[in-house]
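Structural overview for review
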Amino acid sequence: SKALELDNSIMEAYTNRAALLRKLKRCDSALEDMKAAIKLAPSNSQVHVAFAEALKECGKKNEARQMYETAMQKFGSAHSIGGLAGIEYEDSNTERAVELYERAIALDDSVSAWKTNLAVIYNSQLKRAEAENLLRKSLEQSPRDGVTLNNLGSVLHGQGRLNDALSLYQEALQANPDSALFYFNIGNVFLEKGYMEDYKFLTNSIEHYVQVIRIHTEYKGAFNNLGNALKEGDLFDQAIRAWEAALRLLPDDVDVMANLVHLRNHIVDWTNRDLRFLNIQKVAEKQMANNTVPSMQSFHCLLFPMPPEFCLKVAKAFAAEVQKQIKYIDFKPAFAEVGYRISGSPPSAPLLPRIGVISHDLGNHPTGHLFTAIPAFWKSEYGMLQLFSLSTSDNSRYFQRLAQGRHSVEMIGSMSFQDAATT
């Protein structure tokens, strides 16, 4: 301020004071200083970008967008393009954000945040290899950055590389030991390893979810996943308490409602049974009315006393979501063909459907017990039957009977989304 009293033509004095005012949350004064700086240096791209950053920080996103656009058109600087990409990313305009981030990184690949955000978008589009490559480049610049380590762990987690993901999550936690998110992600890996490898990992997942709750008592998903781990470990009363706590935080969480209903059926607790199912249906209807994929999966409808038309609606919602996701995968698997003909049949014969069955429980489980009878009675004229298992073989006679039959069992639980989809 004293410098400006002596000479009010010093642009850097205005930008420096604006930065200090922003830290003090004095937005109006900071923006006035940035306007003065722009007048003094109308051809300085850095001042334009700094003004846009100040506008965004002060909650004036539309004005910030316009300033970034102006700077990009006048100067074409990497930071103006990257800054605009950040606004598009926050507003979920992902295609535009991708285009801008790619342009900004091509001009200046030193900004780790741009690569990280672009990698997150790539990962959501199932472009795992591109996401992994960007994040590894970011780690070359900042090898101890917890956010980047965590994001890379998420990419590898999505590829089914559980041990690699676990190592990265643990590195991220070492860099940020108070992060509830990192504890949560580690708990999720141990939960999956408990499902697929050995129940002993459930103890690890429970410990990490408890730590999440200690750090952040209202962390979304922590109580639900804690309940899942406790249930899988046959700690039913504790699982119910965890899920009840989850519903106190998010009363409309259909996943938690369904988990509670399913477990209470399992332990033969019929208290308010009809009301529970009605609540689940109401919340799922509300989600679909808002064009949101319902938390309750379509197979729940088959397990619960739900109207057939509602179950069909849920199934269609999931099918629509799959169609949205599948556009990011470049493949044409044989299984995706409309149908096939039996060998030796004439070309005029009708195409038969390819029918896939996917389950976690093709082994020593009631589902597996029931299903082993189906392949024995399956006739080729019904169509082609393909079995997909989300878990590894439990070496039970039920699983072996399926695996040794005419219909192969594909293990897809540890595969990436793309590998599973192209199997």
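Scroll up to find the structure.
Here's a quick rundown of the structure. (Residues numbered from 1 in each chain as written. Predicted model: local features only at pLDDT ≥ 70, side-chain atom pairs only at ≥ 80, totals over all residues. Heavy atoms only, no water.)

Here we look at the layout of surface pockets
- Its boundaries defined by the atoms lining it, the second largest pocket holds a volume of some 220 Å³.
- Forming the boundary of the second largest pocket are 13 residues, of which S45, Q46, V47, V49 and A50 lie nearest the centre.
- Element by element, the count of residues in the lining of the second largest pocket is highest for helix 4 (residues 45–57), at 6 residues.
- Taken together, the residues of the lining of the second largest pocket break down into 4 nonpolar, 6 polar and 3 charged. (1 Å grid on protein atoms, 1.4 Å probe; cavity = no way out; pocket = protein on both sides within 12 Å on 5 of 7 lines; lining within 4 Å. Points joined across faces, edges and corners; volume = space filled by probe spheres on them. Helix = DSSP H or I, 4+ residues; strand = E, 2+ residues; numbered from the N terminus. Nonpolar A, V, L, I, M, F, W, Y, C, P; charged D, E, K, R; others polar.)

What about the side chain of T116?
- Topologically, T116 is positioned in helix 8 (residues 112–124).
- In this structure, T116 is in contact with L135, S138, V147, T148 and N151, ignoring residues within four places of it in sequence. (Contact = heavy atoms within 4.5 Å.)

Remarks on the nonpolar core
- Residues V47, F51, Y101, W114, L118, V212 and L226 are the most contacted members of the largest nonpolar core, which totals 84 residues.
- Element by element, the count of residues in this core is highest for helix 12 (residues 180–196), at 9 residues.
- Setting aside its immediate chain neighbours within four residues, Y101 contacts G82, A85, G86, Y89, W114, N117, L118 and I121.
- Core analysis: the second largest hydrophobic core is formed by 17 residues, V254, V283, C311 and A317 among them. (Core = buried A, V, L, I, M, F, W, Y, C linked by side-chain atoms within 4.5 Å. Buried < 20%, exposed > 50% of the residue type's maximum accessible area, 1.4 Å probe, protein only.)

A look at the packing of helix 6 (residues 78–90) against helix 8
- Remark: helix 6 packs on helix 8, axes separated minimally by 11 Å, with the N-to-C direction vectors making an angle of 40 degrees. The angle between helix 6 and helix 8 falls in the class oblique. Our pair here, helix 6 against helix 8, has a crossing hand that is left-handed. Facing A78, H79, G82 and Y89 of helix 6, the residues of helix 8 in contact are W114, N117, V120 and I121.
- Partitioned by chemical class, the residues of the contact of helix 6 with helix 8 number 5 nonpolar, 3 polar and no charged. (Axes fitted to C-alpha atoms, helices over the stretch in contact; angles between N-to-C directions. Parallel < 35°, antiparallel > 145°, perpendicular 65-115°, else oblique. Left-handed = near helix turned anticlockwise from the far one by under 90°.)

Here's the deal with unusual backbone geometry
- Here the phi dihedral of K25 falls at roughly 65 degrees; this positive angle occurs in a residue that is not glycine.
- Here K25 lies in the loop between helix 2 (11–23) and helix 3 (27–40).
- The exposed category is assigned to K25, whose relative accessible area is 69%.
- Even without being a glycine, D234 presents a positive backbone phi close to 65 degrees.
- Owing to a relative accessible area of 55%, D234 belongs among the exposed residues under this scheme.

Digging into the environment of I38
- Along the chain, the position of I38 falls in helix 3.
- On the basis of relative accessibility, which here comes to 16%, the residue I38 falls in the buried class.
- Here the alpha-carbon distance between I38 and A50, two residues 12 residues apart in the chain, equals 9.8 Å.
- Apart from the residues lying within four places of it in its own chain, the contact partners of I38 are V47, H48 and F51.

Topic: helix 5 (residues 61–75)
- Its 15 residues place the ends of helix 5 21 Å apart at the C-alpha level, agreeing with the 21 Å of an ideal helix rising 1.5 Å per residue.
- Along helix 5, the residues classified as buried are A64, R65, M67, Y68, A71 and M72. For helix 5, the angular spread of the buried residues around the axis is 165 degrees, confining them to a single face. Facing away from the buried side of helix 5 by over 90 degrees, the exposed positions are N62, Q66 and Q73. (Expected span 1.5 Å × (residues − 1). Arc of directions from axis to C-beta.)

Details of the state of the cysteines
- One pass over the structure, following the stated rule, counts 1 disulfide.
- A disulfide bridge connects C27 with C58, and the sulfur atoms are separated by 2.4 Å. In this structure, the disulfide formed by C27 and C58 twists by about -95 degrees around the S-S bond and is classed as left-handed. With C27 in helix 3 and C58 in the loop between helix 4 and helix 5, this pair connects stretches of sequence that are 31 residues apart.
- Judged by relative accessible area, which is 18%, C58 ranks as buried.
- C311 provides the cysteine sulfur closest to C301, a residue in no disulfide bond, and the two sulfurs are 3.1 Å apart. (Disulfide = S-S within 2.5 Å.)

Overview of the sheet that holds strand 1 (residues 354–359)
- Taken together, 3 strands build an open sheet; the order of strands is 1-2-3 and the sheet is parallel. Either end of the sheet is taken by a strand with one partner, and the two such strands are strand 1 and strand 3 (409–411). Strand-to-strand twist of the sheet, defined as the mean angle between neighbouring strand axes without regard to direction, takes the value 25 degrees. (Pairing = 2+ DSSP bridges.)

Topic: the environment of N117
- For N117, the location among the structural elements is in helix 8.
- Here Y101 takes part through its side chain, which lies 2.9 Å from a polar atom of the side chain of N117. (Polar contact = N/O pair within 3.5 Å; in protein donor to acceptor, adjacent residues only side chain to side chain.)

As for the side chain of E88
- Relative to the helices and strands, E88 resides in helix 6.
- Given the relative accessible area of 6%, E88 is considered buried.
- There is a polar contact of 2.9 Å between the side chain of E88 and the side chain of R65.
- A distance of 2.7 Å separates the side chain of E88 from the side chain of N93, its partner in a polar contact.

Quick notes on helix 9 (residues 128–141)
- Over its 14 residues, helix 9 runs 20 Å from end to end, which matches the ideal 20 Å to within 8%, given 1.5 Å per residue.
- Of all the positions in helix 9, only R128, A131, E132, L134, L135, S138 and L139 are classed as buried. Looking down the long axis of helix 9, one finds its buried residues gathered within 165 degrees of arc, a one-sided arrangement. In helix 9, the exposed positions angled more than 90 degrees off the buried face are occupied by A129 and E140.

A few points about the pairing of strand 2 (residues 384–389)
- Along strand 2, 5 of the 6 residues are buried, which leaves the element largely enclosed by surrounding structure.
- Pairing of strand 1 with strand 2 involves 6 bridges; the strand directions are parallel. Within the sheet, the bridge partner assigned to G356 lies in strand 2 and is Q386.

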